[in-house]
Amino acid sequence: MNRTLYNHLIFEYSRKGRRGFTLPRRDDAAGSIEAAIPAATRREASPELPEVDEPTVVRHYTNMSTNNFGVDTGFYPLGSCTMKYNPKINEALASTSAVANLHPAQPFFTAQGALAAYWQLQRLLSEIGGMAEFTLNPYAGAHGELTGLMVIRAYHADRGDSARTKVIVPDSAHGTNPASAAVAGLEVVEVHSRPDGTVDLDDLKDKLDETVAAVMLTNPNTTGMFERNIPEIAETVHAAGALLYYDGANLNPMLGIARPGDMGFDVMHINLHKTFSTPHGGGGPGAGPVGVRHGLESYLPTPRVVRDNNGYYTVSEQSNSSLGRISSWLGNYTVLRRALAYILSLGKENIVNVGPLATLSANYIMHSLCDLYELPIPGPCKHEFVFDGLKDKSSGVTTLNIAKRLLDKGFHAPTIYFPLLFHESLMIEPTETESRDTLDAFILAMRQIAEEAKNNPDELKQAPHHTPMAKPDETEAAMHPRLTWKDLTS
Ligand SMILES: *Cc1c(COP(=O)(O)O)cnc(C)c1O
């Protein structure tokens, strides 16, 4: 297939007088489109739209739809992001007309099933997290972090403790942790990691005092290491009067096996669009429910779905100490329905297999490649691990080169240059949904790349060679995105 022929912008195919045809719209009872638009707001001249024939339009959009890499097109071992396969049954259940046609303002008595599902997910997540109560309102992990930190602020304020203005975050933390703390109006203090990737407890003790509102931890952390000292950390944090926050974006390896609430965490968020199998990427819709331990429920945001003694569901806006609204309505409802479908289709019996399988996959890849790639923190790891580039760096081949070459071989690249603890970080998370064949194919590709680095480094440094686009200027694209078409030739 000649993809490049159809890889331009639709405007670039425009030729004066080219046409596609459809049947004209029937003027129905509501009248024609012209009649429906008030004269004052109608265009005087035709808009400048591309003039193209039907096959060109079909090929253009069909090609565009396959230019993106996704979990449904290939292996996507993006560390920290948990890009697992999303079973299609979740999609089917979330897109039935009963769900898709709901209106958030419809009377409660007409939406009892929808509210029951919502309430059930609140209960299931509380059980999975070991928390007293959950809100499903936040739209993303970062939004959950902000909500959780606002809960913590409200708790301290309620006790008249206004001196707590700092949040302690490890140097291995995801970038959203310090960002959320800053948005919540709190000052960020960094705590160091030890060489094995876990939190340096002595450094933490030095930094804990009566000005600290919370300590945010990810467990297993972003290097894939489980924080074994978590009971002692929790005790130390609580003794200093601060609360312990759990970044649950890495909950996948612990599902049904260990619970943040039992480890001593007070507040947590979950990324439904990672662990609970909602498709994500490109900033697409997500959900970052927030759970709290007993004693903090009243600070959670409103509205909340509540059930009365007769089993009747309503949406409550009432609470004296609540944060109030952090979202419109009740959050991303269809994302919540996918997560509920995922949890119920696995059931209590099978959800405990997710973590061990994800952990097995990660350790399998790690062991199969650690003779060629630098492993700064020796295993075993949990669901993900970090290589610090190639072991033999004499060819000058970087992590970026390896990532680009993987694209040529049909794999999405792992997370690169994060965590910042190492210079050439390559963070691999295979998840539990990949077959042994897929893992072996990835291992083979990574071994071939190490071989190419030795024998043909210059070509490797020019990768990718086979993708629709070679090397976009990512900074330019982020700083000055071109969002509208301009004819640069005239
Ligand atoms: C993805 C992630 C987040 C942020 O979640 P978003 O939904 O992208 O805002 C926070 N912490 C960790 C460890 C993550 O992997």
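Report on the accompanying structure.

## Focus on unusual backbone geometry
At the junction of Asn219 and Pro220, the peptide bond is cis and its omega measures out at 0° in the coordinates. In this chain, Phe418 is followed by Pro419 through a cis amide linkage whose omega measures 0°. In this structure, Ser277 is a non-glycine residue whose phi angle is positive, near 60°. Mapping Ser277 onto the fold places it in the loop between strand 6 (267–270) and strand 7 (290–292). Phi at Thr431 is positive, roughly 65°, even though this residue is not glycine.

## Section: the site of the ligand
Ser80, Ala140, Gly141, Ala142, Glu145, His174, Thr176, Asp247, Ala249, Asn271, His273 and Lys274 make up every residue found near the ligand. In this structure, Asp247 approaches the ligand through a side-chain N or O atom, which is 2.6 Å from a nitrogen atom. Lys274 has a polar side-chain atom sitting 2.7 Å from an oxygen atom of the ligand. Notes on the ligand: free accessible area 380 Å², of which the protein chains cover 88%. For the shell around the ligand, the element with the highest residue contribution is helix 6 (residues 141–158), accounting for three residues. Class assignment of the residues belonging to the shell around the ligand gives a composition of three nonpolar, six polar and three charged.

## Notes on helix 13 (residues 399–408)
Among the ten residues that make up helix 13, eight are buried, leaving the element largely enclosed by the rest of the structure. Every buried residue belonging to helix 13 is among Thr399, Asn401, Ile402, Ala403, Lys404, Arg405, Leu406 and Asp408, and all of these are buried. Buried residues along helix 13 sit against strand 11 (415–416), strand 12 (425–428), helix 14 (436–455), helix 15 (457–461) and helix 16 (474–479). Count one or two residues on from helix 13 and you reach Gly410, which has phi positive near 90°.

## Section: the packing of helix 12 (residues 354–369) against helix 14
The geometry of helix 12 relative to helix 14 is characterised by a closest axis approach of 10 Å and an angle of 30° between their N-to-C directions. Put simply, helix 12 runs roughly parallel to helix 14. Handedness of the helix 12/helix 14 crossing: right-handed. Contacts between helix 12 and helix 14 involve Ser361, Tyr364, Ile365, Ser368 and Leu369 from the first element and Arg436, Leu439, Asp440, Phe442, Ile443, Met446 and Arg447 from the second. Looking at side-chain class alone, the contact of helix 12 with helix 14 contains seven nonpolar, two polar and three charged residues.

## Notes on a nonpolar patch on the surface
A surface patch of nonpolar side chains, about 310 Å² in accessible area, is lined by Phe108, Phe109 and Tyr312. Residue placement: Tyr312 occurs in the loop between strand 8 (304–307) and strand 9 (313–316).

## Here's the deal with the packing of aromatic side chains
To describe a pair of aromatic rings, one takes the distance between the centres and the angle between the planes. Counted by the stated rule, this structure contains eleven aromatic pairs. Taken together through their ring pairs, the aromatic side chains of Phe75, Phe411 and Phe442 make up a single cluster. The cationic tip of Arg307 hangs over the ring face of Trp119; the distance from NZ or CZ to the ring centre is 4.3 Å.

What counts, and where the lines are drawn
- Residues numbered from 1 in each chain as written.
- Predicted model: local features only at pLDDT ≥ 70, side-chain atom pairs only at ≥ 80, totals over all residues.
- Heavy atoms only, no water.
- Helix = DSSP H or I, 4+ residues; strand = E, 2+ residues; numbered from the N terminus.
- Near = heavy atom within 4 Å.
- Polar contact = N/O pair within 3.5 Å; in protein donor to acceptor, adjacent residues only side chain to side chain.
- Areas by Shrake-Rupley, 256 points an atom, 1.4 Å probe, with all protein chains shown as cover.
- Nonpolar A, V, L, I, M, F, W, Y, C, P; charged D, E, K, R; others polar.
- Buried < 20%, exposed > 50% of the residue type's maximum accessible area, 1.4 Å probe, protein only.
- Contact = heavy atoms within 4.5 Å.
- Axes fitted to C-alpha atoms, helices over the stretch in contact; angles between N-to-C directions.
- Parallel < 35°, antiparallel > 145°, perpendicular 65-115°, else oblique.
- Left-handed = near helix turned anticlockwise from the far one by under 90°.
- Patch = residues over 30% accessible without salt bridge, like charges linked within 9 Å, V, L, I, M, F, W, Y side chains within 5 Å.
- Salt bridge = Lys/Arg side-chain N within 4 Å of Asp/Glu carboxyl O.
- Phe/Tyr/Trp six-rings, centres within 6.5 Å; stacked < 30°, edge-to-face > 60°.
- Lys NZ or Arg CZ within 6 Å of the ring centre and 35° of its normal.

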